[in-house]
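# An overview of the molecular structure
Spelled out from the first residue to the last, the chains are:
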2 protein chains.
Amino acid sequence: MPADAMSPKITVELLRQLRQVMKNSKYITEPIQAYIVPSGDAHQSEYIAPCDCRREFICGFNGSAGTAIVTEQHAALWTDGRYFLQASQQMDNNWTLMKMGLKETPSQEDWLLSVLPENSKVGVDPWIIAADQWKNMSKALSSAGHSLVAVQDNLIDVIWQDRPARPSTKLIALGLKHTGLTWQDKVTALRGKMSERKISWFVVTALDEIAWLFNLRGSDIEYNPVFFAYAVIGMSNIKLFVDSKRLLDPAVREHLELDSPSKPELTIQCFPYESVYTELQAVCAALAPKEKMWICDKASCALTQVIPKSHRSAIPYTPLCLAKAVKNPTEIQGMKMAHIKDAVALCELFAWLEKEIPKGTVTEISVADKAEELRSQQKDFVGLSFPTISSVGPNGAIIHYMPLPETNRTLSLNEIYLIDSGAQYLDGTTDVTRTVHFGTPTDYEKECFTYVLKGHIAVSAAVFPNGTKGHLLDSFARAALWDSGLDYLHGTGHGVGCFLNVHEGPCGISYKTFADEPLEAGMIVSDEPGYYEDGSFGIRIENVVLVIPAKTKYNYRNRGSLTFEPLTLVPIQLKMMNTDLLTQKERDWVNDYHKKCRETIGAELERQGRKEALDWLIRETQPIV
Amino acid sequence: MPADAMSPKITVELLRQLRQVMKNSKYITEPIQAYIVPSGDAHQSEYIAPCDCRREFICGFNGSAGTAIVTEQHAALWTDGRYFLQASQQMDNNWTLMKMGLKETPSQEDWLLSVLPENSKVGVDPWIIAADQWKNMSKALSSAGHSLVAVQDNLIDVIWQDRPARPSTKLIALGLKHTGLTWQDKVTALRGKMSERKISWFVVTALDEIAWLFNLRGSDIEYNPVFFAYAVIGMSNIKLFVDSKRLLDPAVREHLELDSPSKPELTIQCFPYESVYTELQAVCAALAPKEKMWICDKASCALTQVIPKSHRSAIPYTPLCLAKAVKNPTEIQGMKMAHIKDAVALCELFAWLEKEIPKGTVTEISVADKAEELRSQQKDFVGLSFPTISSVGPNGAIIHYMPLPETNRTLSLNEIYLIDSGAQYLDGTTDVTRTVHFGTPTDYEKECFTYVLKGHIAVSAAVFPNGTKGHLLDSFARAALWDSGLDYLHGTGHGVGCFLNVHEGPCGISYKTFADEPLEAGMIVSDEPGYYEDGSFGIRIENVVLVIPAKTKYNYRNRGSLTFEPLTLVPIQLKMMNTDLLTQKERDWVNDYHKKCRETIGAELERQGRKEALDWLIRETQPIV
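Definitions and limits used
Residues numbered from 1 in each chain as written. Chains lettered and ligands numbered in written order. Predicted model: local features only at pLDDT ≥ 70, side-chain atom pairs only at ≥ 80, totals over all residues. Heavy atoms only, no water. Helix = DSSP H or I, 4+ residues; strand = E, 2+ residues; numbered from the N terminus. Rg over C-alpha atoms; globule rule 2.2 N^0.38 Å. Buried < 20%, exposed > 50% of the residue type's maximum accessible area, 1.4 Å probe, protein only. Contact = heavy atoms within 4.5 Å. Areas by Shrake-Rupley, 256 points an atom, 1.4 Å probe, with all protein chains shown as cover. Core = buried A, V, L, I, M, F, W, Y, C linked by side-chain atoms within 4.5 Å. Pairing = 2+ DSSP bridges. Axes fitted to C-alpha atoms, helices over the stretch in contact; angles between N-to-C directions. Least-squares fit on C-alpha atoms with pLDDT ≥ 70 in both. UniProt positions renumbered as here; feature names shortened; annotations may be inferred. Expected span 1.5 Å × (residues − 1). Arc of directions from axis to C-beta. Salt bridge = Lys/Arg side-chain N within 4 Å of Asp/Glu carboxyl O. Parallel < 35°, antiparallel > 145°, perpendicular 65-115°, else oblique. Left-handed = near helix turned anticlockwise from the far one by under 90°. Nonpolar A, V, L, I, M, F, W, Y, C, P; charged D, E, K, R; others polar. Buried area = accessible area lost by both parts, 1.4 Å probe.

Each helix and strand counted, chain A has 19 helices and 28 strands in total. Whereas a compact globule of 625 residues would reach a radius of gyration of roughly 25 Å, chain A reaches 25 Å, a difference of no more than 12%. In terms of its C-alpha atoms, chain A occupies a principal-axis envelope of roughly 75 × 60 × 50 Å. In chain A, which comprises 625 residues, the proportion classed as buried is 59%. If you take every contact in chain A between residues at least 6 apart in sequence, the share linking residues at least 24 apart comes to 71%. By element, 53% of the accessible surface of chain A is carried by carbon and sulfur atoms, the whole surface being about 24800 Å².

The next point concerns the nonpolar core. Generally speaking, a soluble globular protein has its nonpolar side chains buried in company with each other. By size, the foremost hydrophobic cluster in this structure holds 152 residues, and its most contacted members are Leu 353 and Phe 564 of chain A together with Leu 353 and Phe 564 of chain B. Residues within four places of Phe 564 of chain B in sequence aside, it is in contact with Val 459, Ser 460, Ala 462, Phe 464, Leu 473, Ile 509, Leu 519, Val 525, Val 545, Leu 546, Val 547 and Ile 548 of chain B.

All names here are of chain B. Strand order in the open sheet made by the 6 strands is 4-3-2-1-5-6, with mixed pairing throughout. Only two strands of the sheet have a single neighbouring strand rather than two, namely strand 4 (96-99) and strand 6 (147-150). Each adjacent strand pair in this sheet contributes to an overall mean axis angle of 25 degrees, direction not counted. Note: strand 5 (residues 121-124) against strand 6, 4 bridges, orientation parallel. Paired with Val 124 across the two strands is Ala 150, which belongs to strand 6. Packing of helix 1 (residues 12-21) onto the sheet brings it into contact with strand 1 (34-37), strand 2 (67-71) and strand 3 (75-79), and relative to strand 2 it is tilted by some 65 degrees. Packed onto the sheet, helix 4 (residues 108-115) meets strand 1, strand 2, strand 3, strand 4 and strand 5 and runs at close to 5 degrees relative to strand 2.

The transform that puts chain A on chain B rotates by 180 degrees and translates by 0.1 Å along the axis, for an RMSD of 0.1 Å. Expressed as an axis order, the relation between the two copies is that of a two-fold axis. Among all C-alpha atoms of chain A, that of Leu 472 of chain A lies closest to the rotation axis, at 3.3 Å.

With that out of the way, let us pick up the UniProt feature "domain: Peptidase M24 C-terminal" (unreviewed entry) in chain A. Per the UniProt annotation, the sites labelled "domain: Peptidase M24 C-terminal" (unreviewed entry) are residues 562-624 of chain A. With 54% helix and 8% strand, the stretch residues 562-624 of chain A has end C-alpha atoms that lie 27 Å from each other.

Time to look at helix 8 (residues 183-196) of chain A. Residues and elements named next belong to chain A. Its 14 residues give helix 8 an end-to-end C-alpha distance of 20 Å, which sits within 8% of 20 Å, the value for a rise of 1.5 Å per residue. Within the span of helix 8, buried status applies to Trp 183, Gln 184, Lys 186, Val 187, Leu 190, Arg 191 and Met 194. Along the axis of helix 8, the buried residues cluster in a sector spanning 155 degrees; they form a single face. Phi turns positive one or two residues past the end of helix 8, at Lys 198, with a value near 55 degrees.

Further remarks concern the pattern of salt bridges. On inspection of all chains with the given rule, the structure shows 76 salt bridges over all chains. Taking the shortest distance from any N to any O, the salt bridge between Lys 170 of chain A and Asp 249 of chain A comes out at 2.9 Å. You can see Lys 170 of chain A sitting in the loop between helix 6 (155-159) and strand 7 (172-173) and its partner Asp 249 of chain A sitting in the loop between strand 11 (238-241) and helix 10 (250-255), a full 79 residues away along the chain. Judged by relative accessible area, Lys 170 of chain A falls into the exposed class, the value being 63%. The class of Asp 249 of chain A is buried, set by a relative accessible area of 18%. A salt bridge links Arg 559 of chain B to Asp 487 of chain A; the nearest nitrogen and oxygen atoms lie 2.5 Å apart.

A word on the packing of helix 4 (residues 108-115) of chain A against helix 5 (residues 131-143) of chain A. Residues and elements named next belong to chain A. Two numbers describe how helix 4 lies on helix 5: the axes approach to 10 Å, and their chain directions differ by 30 degrees. Compared by their axis directions, helix 4 and helix 5 come out roughly parallel. Judged by the sense of rotation from one axis to the other, the crossing of helix 4 with helix 5 is right-handed. Of helix 5, the residues touching helix 4 (which contributes Gln 108, Glu 109, Leu 112 and Leu 113) are Asn 136, Met 137, Ala 140 and Leu 141. Taken together, the residues of the contact of helix 4 with helix 5 break down into 5 nonpolar, 2 polar and 1 charged.

Looking now at the interface of chain A and chain B. Taken residue by residue, the interface counts 33 residues in chain A and 33 residues in chain B. Between chain A and chain B lies a buried interface of about 3000 Å² when both sides are counted; carbon and sulfur atoms form 56% of it. Of all residues in chain A, the largest losses of buried area upon contact with chain B belong to Trp 482, Tyr 554 and Tyr 556 of chain A, amounting jointly to 24% of the total for that side. Scanning the region where chain A abuts chain B turns up 8 salt bridges.

The next thing to look at is the sheet that holds strand 13 (residues 293-296) of chain B. All names here are of chain B. On the basis of which strands lie adjacent, the open sheet formed by 6 strands has the order 12-11-10-8-13-14 and mixed pairing. Unpaired on one side and paired on the other, strand 12 (268-271) and strand 14 (312-315) mark the two borders of the sheet. Strand-to-strand twist in this sheet, taken as the mean axis angle between neighbours without regard to direction, amounts to 20 degrees. Against the sheet, helix 8 (residues 183-196) engages strand 8 (201-204), strand 10 (230-234), strand 11 (238-241), strand 12 and strand 13, with an angle of about 60 degrees to strand 10.

Structure (structure tokens):
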């Protein structure tokens, strides 16, 4: 991204206004000396709606991760290595960029302690800070004589004049054909888990968990088919908090059985979205002495603190998060169908690119548009699952690159092209990366590509015992790169939702040992090692893979083994491989994979009458000898 | 281990006495309803002195890990899978065995909550419970209305009539030749770390850290050359707490410069071992408001709580632990010399075994004795570094097996033999496992051995970036076993001290992601994958390896790469390998390794005139074709 790609947001006036409201008794009981503006929304979503882009509003930086803190004298933004360049370009000089991960960079806590006057009050909106983050920050501040205070009115909203409204899009009710389980079955299963652990209530705050539980989808947040809502589930109560206008739709009313519930314990009581706080207070007030309530420790501080400590059981991930991660047979079938359609679109795209690139008119943006157009021709297409990463040459080395008019490069026969894209279909979510060259790659580019491919295969073909956590597989993806002194600075895989968020927990494949749960048959994750040469090129090979039981020669302690089955079926460019560097086992893997691509996608291309793409597919899936 | 191997300890009378003192106001202010007896000593040592074997005294179980809890009605012992059989044999039926790691087994906290009457008090000796364990237990108890109380008199000691005295063995002062750094240099370096982090005092409680810091060794605990002591280091103070009789030795006085200190800030003040509590209180009373004191969060609750919270900085491992883990050139040289001598003894042992086994008189115990005798012939031998694991056939499947007269098996031409042994020399510590067959192994035994070997090589030959944590390498050791549905249920490697404990932190190679620190050049760890077939055989191949810089083709972001150099140089039995299962790279590794064994150990065997062992070595290091 060239240095003149973006001009910084001018924030002098905004900061002046914010500092005024930090002392204005209309919004706060006592003046605060610092105000924290986290990234997320009240549901701690990774992607957020425009009305929740408060951190971007105050500082100009619009990356997906970052926290702004404004004191009477200073304004600082913390973000990680993916965004150092972008943040420095989007912020004016009222802001100090705090580069997380560098030794010399203070933590937010240490920095606050160094700049605050004695006995300071630091404010934050308790709805957008997670309970575990609140706890850490509060502890650090009070150890130095300061305090963290919950400011009920969001002070950014106070000064944000034309703040967009919270979206309230049409809801889609999904039938058994797509979900495999009715919402009633899901609630019953959840209650089983609750009664096993002697839990009588569960507060659901994550938007994808609510969407999954009720078999509903929305489009409140771009790329994520979710809708703003809360749910509070008891052993004989289901309380759903959602904009009431959305419940006027007869299809939704019928789906939720609002007018004719089948059983009392499966009757949904609907409340306005905003009333979750008071309603949860009422539920808590009526709790018997030993009753326990589940809430995720990543839920908002505001809701968490409604639950008295003696009744609160904070958990690192919820039973819904785990149930959603293990796909049922219908969901698996849907994911397979979605990936076949997605592969059809990509084969068509690559066939088209081969013809068009020599004309010199194809750009990063035009490919992204073409890919979306081709996907949209497929049945039950809903939208993209994330902004397409379409990058030529040096842009490929920017891991979270998104082409903009100012950075847009033309595809040519001389540079590597990387495309990481995916879509939402009614039956599933896709996410695939291919790295290709339309001319002749250099030996070095092929060498690097082949190491990445070896890593991709090492994970995809790995056999491992039931109960293995994903982080134990991460090094398999890196071993070939490490041998040559190379590496990539991101995780190897993330969970993928089924017509839901393209990133979901609680499993993944990463050197970061976050609280990841063991892999189980039915889970779906990505396998995406890469290599990035700053200023030159980026390589990534990504398939979405399904965890399946593996047949092994022995079966130690009857534990059983697992392996992966690729759901993504798009050829991996043979031209980019140095096949001398592959073992016979790896060559066999590539040939088997391409055979499956040819058979499965070939049949669908034929059915759809896409002759050129079929020719391309057949050419690109010739076996290596 | 046959079922009649041990008879249980009769504990009726002991439990009666303990329950009486639990109510005796001579020892406690208010009666307690439960008493916890942890495994460790006041320094949280892994191996302990006889006077500290309190848990064994009360229940009979003498394994290395386990916690006993006695209530008015119940007595229960928690231990892990290594010890289920042994514990069930050593305890009488007054005790309930709590098998940790099984789903149905309650945690100590949950069990206490289920059996305690309301508002109970649970006692524990605050000196032998670690601060972090105290915190967890205390939190769980108080959340249910109970409380954890510190009982100053150890109640086991009260009823233990012939309890042995605390050892106070002769101290050995190590010179620069063995340590590479004077204790004065080490104190100065430590103060550098302290001032970097604005810490003014550091309380040292781990025995190996104290031994390393002062370049002193003792023999208070079998196998571990440490001595009972504490140290409190300030920026201009060095307080050493040790039995004063030990300081009468002129060599020790001179080494510590007790009579003629060179500089005031390097003057050691000596105090009796027992006075650490009151002296630390005095230091804390004199602290300035912002002064901070380091203590490890695994230190005893008693000492930790002396430090007021506002002054306490609890750390998961100390700067001494890290400094000790990264060996300096003198220590590395010493470790290499120790491993050469150790290999000489083992070559001699194996040559002797080949001759003696056919006579039918060699047993697990007699091999262990012979190995010790041969090691003791080597220069600067001090003792063993742990009890020798010498196991024939099915005994090899008991991971922590130690031959006893009742279990002792005879070595034969029909069964696999596994020996895991090591020694302390003045210049270094060794730990090596070899698995051999003196007749003809079955195809299955060879297959399993070869998978373990592949795992051993995968770790030993791994190349990985600077900054990689050991747990990221663990799966390399398992991949070949996993592929066939096999596995082993222990970690792959542990840190090894230099003429210090054979197990040390903070690095290791394990699927358990404890707070392990990144591997650095100069660290020394073991590489010991295995495979255990219950009732049949055990296989383990263990080398001690040194972390060294690796030369790689490229150098991503100038991070540099690391790999391992084996310090252990004992042939790996070719007869046990199915070489068809090895890749060319693996065969090359075996041949290179054996060439190094032959050259280095061959030269030393020649020098020592050990002709038979040399012949054996040459035969066992023929290259594979």
